[in-house]
Amino acid sequence: QWERLWFLILTSSFFLTLVWFYFWWEVHNDYNEINWFLYNRMGYWSDWSIPILVTTAAGFTYITVLLILALCHIAVGQQMNLHWLHKIGLVTTLITTVVTMSSIAQLWDDEWDMVFISLQATAPFLHIGALAAVTALSWLVAGQFARTEKATSQMLMFTAYLAVVVALYLVPLTISSPCIMEKKALGPKPVIIGHRGAPMLAPENTLMSFQKAVEQKIYGVQADVVLSYDGVPFLMHDKTLRRTTNVEEVFPDRAYEHSSMFNWTDLEKLNAGEWFLRNDPFWTVGSLSRSDYLEAANQSVCKLEDMLEVIKDNTSLILNFQNLPSAHPYYSSYINITLETILASGIRQQAVMWLPDMERQLVRQIAPGFQQTSGLKLDAERMREKGIIKLNLRYTKVTNEDVRDYTMANLSVNLYTVNEPWLYSILWCAGVQSVTSDSSHILRKVPFPIWLMPPEEYHLIWITSDLISFIIIVGVFIFQKWRLGSIRTYNPEQIMLSAAVRRSSRDVKIMKEKLIFSEINNGVETTDELSFCSENGY
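The rules we used
Residues numbered from 1 in each chain as written. Predicted model: local features only at pLDDT ≥ 70, side-chain atom pairs only at ≥ 80, totals over all residues. Heavy atoms only, no water. Salt bridge = Lys/Arg side-chain N within 4 Å of Asp/Glu carboxyl O. Helix = DSSP H or I, 4+ residues; strand = E, 2+ residues; numbered from the N terminus. Buried < 20%, exposed > 50% of the residue type's maximum accessible area, 1.4 Å probe, protein only. Axes fitted to C-alpha atoms, helices over the stretch in contact; angles between N-to-C directions. Parallel < 35°, antiparallel > 145°, perpendicular 65-115°, else oblique. Left-handed = near helix turned anticlockwise from the far one by under 90°. Contact = heavy atoms within 4.5 Å. Nonpolar A, V, L, I, M, F, W, Y, C, P; charged D, E, K, R; others polar. Expected span 1.5 Å × (residues − 1). Phe/Tyr/Trp six-rings, centres within 6.5 Å; stacked < 30°, edge-to-face > 60°. Lys NZ or Arg CZ within 6 Å of the ring centre and 35° of its normal. 1 Å grid on protein atoms, 1.4 Å probe; cavity = no way out; pocket = protein on both sides within 12 Å on 5 of 7 lines; lining within 4 Å. Points joined across faces, edges and corners; volume = space filled by probe spheres on them. UniProt positions renumbered as here; feature names shortened; annotations may be inferred. Core = buried A, V, L, I, M, F, W, Y, C linked by side-chain atoms within 4.5 Å. Domains from an automatic or database assignment.

Draft legend 1. How the structure looks around the pattern of salt bridges. The full count for this structure, using the stated rule, is 16 salt bridges. Here Asp30 ties to Arg394 by a salt bridge, and the two come within 3.2 Å at their closest N and O atoms. Linking Asp30 in the loop between α1 (2-26) and α2 (31-42) with Arg394 in strand β7 (residues 390-394), this pair joins segments that are 364 residues apart in sequence. We note that Asp30, like Arg394, is buried. Residue Lys377 pairs with Asp402 through a salt bridge whose shortest N-O separation is 2.6 Å. On the criterion of sequence distance, the pair formed by Lys377 in the loop between β6 (371-374) and α15 (380-385) and Asp402 in helix α16 (residues 400-408) is long-range, its members being 25 residues apart. What makes Lys377 partly exposed here is its relative accessible area of 42%. Connected via shared salt-bridge partners are Arg196, Glu204, Asp224, Asp238 and Arg243.

Draft legend 2. Fine view of the packing of helix α6 (residues 151-170) against helix α19 (residues 455-484). At their nearest, the axes of α6 and α19 sit 11 Å apart, and the two run at 165 degrees to each other. When the axis of α6 is compared with that of α19, the two are roughly antiparallel. Here α6 runs over α19; the crossing is right-handed. Where α6 abuts α19, its residues Gln154, Phe158, Tyr161, Val165 and Tyr169 lie against Trp462, Asp466, Ser469, Phe470, Ile473, Phe477 and Lys481. Per-class residue counts for the contact of α6 with α19 are eight nonpolar, two polar and two charged.

Draft legend 3. Up close: helix α4 (residues 84-107). With 24 residues, α4 extends 34 Å from end C-alpha to end C-alpha; this agrees with the ideal 34 Å at 1.5 Å per step. Of all the residues in α4, the buried ones are Gly89, Leu90, Thr93, Thr97, Met101 and Ile104. Lining the buried residues of α4 we find α1 and α3 (49-75).

Draft legend 4. Structural context of the packing of aromatic side chains. Taken as a whole and assessed by the stated rule, the structure comprises 27 aromatic pairs. Relative to Trp24, the ring of Trp20 lies with its centre 5.6 Å away and its plane at 35 degrees, an arrangement referred to as tilted. Taken together, the positions of Trp20 and Trp24, both in helix α1 and four residues apart, correspond to about one turn of that helix. When sorted by exposure, Trp20 lands in the same class as Trp24, which is buried. Taking 4.2 Å as the distance between ring centres and 25 degrees as the angle between the ring planes, the aromatic pair formed by Phe23 and Trp112 counts as stacked. With a gap of 89 residues between them, Phe23 in helix α1 and Trp112 in the loop between α4 and α5 (113-147) connect regions that are remote in the sequence. Taken individually, Phe23 and Trp112 each receive the classification buried, so the pair is uniform in this respect. Residue placement shows Arg254 over the ring face of Phe251; its charged tip is 5.7 Å from the ring centre.

Draft legend 5. Summary view of empty space enclosed by the protein. Throughout the structure, instances matching the rule amount to two cavities of 30 Å³ or more. In this model, the largest cavity occupies a volume close to 60 Å³. What lines the largest cavity is Glu204, Asn205, Thr206, Leu235, Met236, Thr244, Ala272, Trp275, Ser300, Val301 and Cys302. Here the lining of the largest cavity is composed, by residue class, of six nonpolar, four polar and one charged. Approximately 30 Å³ is the volume attributed to the second largest cavity.

Draft legend 6. Spatial organisation of the UniProt feature "transmembrane region" (unreviewed entry) in the protein chain. Here the UniProt feature "transmembrane region" (unreviewed entry) sits at residues 5-25, 48-76, 88-108, 114-143, 155-175 and 460-479. Along residues 114-143, the helical share is 100% and the strand share 0%, with 40 Å between the first and last C-alpha atoms. In the segment residues 460-479, helix accounts for 100% and strand for 0%; the C-alpha atoms at its two ends are 29 Å apart.

Draft legend 7. Broad picture of the nonpolar core. If you look at the biggest cluster of nonpolar residues, it comprises 99 residues, and the most contacted ones within it are Trp24, Met307, Leu317 and Ile342. Examining the composition of this core, we find that seven residues originate from one element, helix α17 (residues 421-430), more than from any other. Both of domain 1 (1-177 + 453-487) and domain 2 (191-444) provide at least three residues apiece to this core. If we skip the residues at most four places from it in the chain, Ile342 touches Leu304, Leu308, Leu319, Ile347, Val352, Trp354 and Phe370. Judged by nonpolar contacts, the second largest core, of twelve residues, contains Val134, Phe145, Leu168 and Val476.

Structure representation (structure tokens):
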């Protein structure tokens, strides 16, 4: 009973660590967001993504090896005999996985939506992998089935295995992916908007970052605008300057002040590039050329005016605004000041996607050409009432059906932050018009969705895989029944006796006596069963 309990714990641990490993591998798209989230919680920057991934991979590998060894023991009719050190390691891994998964669910439950989105890209292939694994397990299941003498145990074992197999055969009925479609139905490639410039190639929201984005010839850029204490619009994402400048060195007493409470003359004294080289948030610093490395090290806080000068000719712009503290001298007029700066730059009004909801009517009067964009998910009718033609949402907030409905209503959807080619491919198949990305230099080189499969081809692969699996399983059960069905079940004394040397020794006599009494206790008292004893002098 204890062995069965430990095997159950081992199996549960395997599936839990598998799910956690899959989750953490797939959220690679959001590693920088996760690190930023933890930075806001703990107050200092540290790259937690890689240590967590390595630890998860190690735990999953350990549990997998234990499970394989346990299955090997079962295959030859032995007990697991799990060592106490492995029991401690197993329980520790299980508890750690459960606690970590619960913590992520509580702190950032939105990220679990990533798993369901990723299944749109991986489910067809995971299904085939799971089918191959369950088909391979048929050898062990059929062996145990053939060895088991009780009909009840055989039925329970066979029914459980059959239920799993049938469920796997029917899983494709629940699989839905936008990339299961005809090639001719594929829409145009989503245009790419650089998130705070090109933050993998240069420090975010710096002049160098936007220059790199323009060099990539992408559709547009996104920037975060703040107004300084003396009325100068500049670019900064965080509320404080701690993460992306050396404010703690230059103004240590003001490090936790809101960035808008600094005069521009103070902001000009800060370095906005050294943090990028030191923290290496996207592990790309090593790929920089010597000249780019030196240029990044000397970046400063960027004015909105300077950024507009770089992008105004060929690049669109999404502007995001930070709310100012109520004590700010331009608290009630910062929208007007920012508008004046944009219009004075000479950028085409049609190239500007205006995101803030504040003073939207005023903005429409002063700059009627701006593309009014909402950061809230609204229905099509409400968007028309407010004059909004575009949505800017996190990719987890919309479904494929939402994208289709907005497209039919002639409304555009931009999703952020999309960094991985597989996610970009799924959104491409779904018909998304544009994405905001940290990795614009990678996504612009994606010529076609990673995979695209017509429904008829997918159905053919599904049915063929099921048929092959079914034939193999039936063949294995027949062979194992033929191979093992006629073999008696031997107890330990019989196995040891058959291996013993035929000589008159005390140990052999003891084993013979144990064998006789064990068979008598089991009700085996026929002359044929005990005839071999008389032949040996009993």
